[in-house]
Each structure stands twice: as structure tokens, then as C-alpha cells.
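Observations on the model geometry
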Amino acid sequence: MTREDIKKQFPDATDEQISALLDINGNDLTAAKKNNVEPKVLKQLQADSAAYKKLQEAGLSDEEKIQKTLAEAEATKADFQRKLNRLDVEKILVGAGLTEEDYKDLIDGLVSEDADASKALATSLATMLAKQKEVAVQKTKEELMDGTKKPGDNGGGGGNPDDEDEDESDAAQFAQQYNAQYVTEV
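To start, this report covers the structure provided alongside it. As the structure is a computational prediction, the values presented were derived from the model and not from experiment. (Residues numbered from 1 in each chain as written. Predicted model: local features only at pLDDT ≥ 70, side-chain atom pairs only at ≥ 80, totals over all residues. Heavy atoms only, no water.)

Bringing the overall build of the protein chain into the picture now. Along the backbone of the protein chain there are seven helices and zero strands. Secondary structure elements of the protein chain occur, N-terminal to C-terminal, as α-α-α-α-α-α-α. Taking the contacts inside the protein chain whose residues are at least 6 apart along the sequence as the reference set, 42% of them involve residues at least 24 apart. (Helix = DSSP H or I, 4+ residues; strand = E, 2+ residues; numbered from the N terminus. Contact = heavy atoms within 4.5 Å.)

If you want it as C-alpha cells, here you go:
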């Protein structure tokens, strides 16, 4: 930059202002030349820097890929373990006499990633249901037995077939009618 260049841009500038601008410009150029790197060296440094950044990015992305793959593998392993445990639990429940309709709402609460815990819960449930079923069957048998008359028991009337107050069974009535019609007394 020369004095004439400054005068063209700033026509009202004084000689002191022009000298100050030239000094500042000169100092800037000197500093730039001092810190200036040769264009050939600068290009090499820029190429090296770009290559280094690519290596860093490639290293990070590979590491990230490995971490992602490991996380996916762990998730898949956990999913398969839950499925395996579900099959074991279903086997226990079916063995206890339950159908899929019976346990469909419960099975998700019984299955976990821990195989032993899943099997223990299913076994406990199956045992409890078996005990309840046994109690219900026994109770039903007792109720049926209580409502059944004993053989030879005619309702507590002493076993006298001539009592007309007693209700006779259909078979007994049929037998009497048959005897009355077809059997002749000798």
C-alpha cells in the first residue's frame, strides 16, 4: 500500500494519519512475513493434518461400531435367554395340566433372564395349582358322597317296603307294575 493509494481512498486524511496507516500496515506485513510459512511446507502440513484427522475419525468410528455390535449382541443374547426361559416355564405349566389359555396372562410375569428364578416361579405356581385342584376334587367327592343314599337305606323308615309314605324309585315302580301285570301268584 502506498501514500497515493491511501489518498485515493481517504482524500481528507492528513499526512500524520497517512503515516500512521502506513506504519500499521508495515508492522502487519512484517509480522506476517515473520510468521509466514512457505507455501510448499504449508501444503504438506495441511495434508498431514487432514490425514491425521481421518485416522482419528476412522479409529473412533471403528470403536463405535464395535461397541454398537457388542451392545446388539448382548441384547440378542438376553432376548434368546428370555425365549428359552419362556419355553421352560411353558413346559412346567403344561406339565401341571394348564393350557395356553390358562397361563397366557401370567407367563410374562414369570419369565425373566434368570433361568433358575423363572423355573422356580413356574414350579411354585404349578405346585400351588395342583394343591388347589386336589383340594377341589376332594371337596367335590365329599359333597357327592354326602348327597348319595346308602344301599338299603330307604330314608330312615326302618326298611319296611310296605310304608306308603316313602317315595319309590322309578325302577321300583316299574317292577311293581310289571309284577302286577305279568306275574301270576301261585
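The next subject is the pattern of salt bridges. Considering all chains together, one arrives at six salt bridges under this definition. In this structure, Arg86 engages Glu90 in a salt bridge whose closest nitrogen and oxygen atoms are separated by 3.4 Å. Residue Arg86 and its partner Glu90 are both found in helix α3 (residues 39-95); the two are separated by four residues, about one turn of the helix. Note that Arg86 and Asp108 form a salt bridge whose closest N and O atoms lie 2.8 Å from each other. Taken together, the positions of Arg86 in helix α3 and Asp108 in helix α5 (residues 107-110) put the pair 22 residues apart, joining distant regions of the chain. Relative accessible area serves as the criterion here: at 31%, Arg86 is assigned to the partly exposed category. Taking the relative accessible area as the measure of exposure, Asp108 reaches 58% and is therefore exposed. A network of salt bridges, in which partner residues are shared, links Arg86, Glu90 and Asp108. (Salt bridge = Lys/Arg side-chain N within 4 Å of Asp/Glu carboxyl O. Buried < 20%, exposed > 50% of the residue type's maximum accessible area, 1.4 Å probe, protein only.)

A few words on the nonpolar core. By size, the foremost hydrophobic cluster in this structure holds nine residues: Val89, Leu93, Leu98, Tyr103, Ile107, Leu110, Val111, Ala122 and Leu125. Among the elements of the structure, α3, α5 and α6 (115-146) are those that each provide at least two residues to this core. Residues within four places of Val89 in sequence aside, it is in contact with Ile107, Leu110, Val111, Ser118 and Ala122. (Core = buried A, V, L, I, M, F, W, Y, C linked by side-chain atoms within 4.5 Å.)

Within the fold, Asn85 resides in helix α3. A distance of 3.2 Å separates a polar side-chain atom of Asn85 from the backbone oxygen of Glu113. Setting aside its immediate chain neighbours within four residues, Asn85 contacts Val111, Ser112, Glu113, Asp114, Ala115 and Ser118. (Polar contact = N/O pair within 3.5 Å; in protein donor to acceptor, adjacent residues only side chain to side chain.)

We now examine the environment of Leu93. Note that Leu93 resides in helix α3. For the pair Leu93 and Thr127, spaced 34 residues apart in sequence, the C-alpha separation works out to 9.6 Å. Not counting the four nearest positions on each side in its chain, Leu93 is found in contact with Leu98, Tyr103, Leu110, Ala122 and Leu125.

Our next topic: helix α7 (residues 170-182). An ideal rise of 1.5 Å per residue puts 18 Å on 13 residues; α7 measures up with 18 Å between its terminal C-alpha atoms. Taken across its 13 residues, α7 has zero buried, putting it largely on the surface. (Expected span 1.5 Å × (residues − 1).)

A few words now on the environment of Lys77. Checked against the element boundaries, Lys77 lands in helix α3. On the basis of relative accessibility, which here comes to 58%, the residue Lys77 falls in the exposed class. Between the C-alpha atom of Lys77 and that of Glu113, which follows or precedes it by 36 residues, the distance is 9.7 Å.

Let us now look at α6. Turn by turn, an α-helix covers 3.6 residues, leaving residues three or four places apart pointing in a common direction. Between its first and last C-alpha atoms α6 spans 46 Å; for 32 residues at 1.5 Å apiece the expected length is 46 Å, and the two agree. Along α6, the residues that are buried comprise Ser118, Ala122, Leu125 and Ala126. Capping of α6 at its N-terminal end is provided by Asp114; its side-chain oxygen lies 3.4 Å from the backbone amide nitrogen of Asp116.

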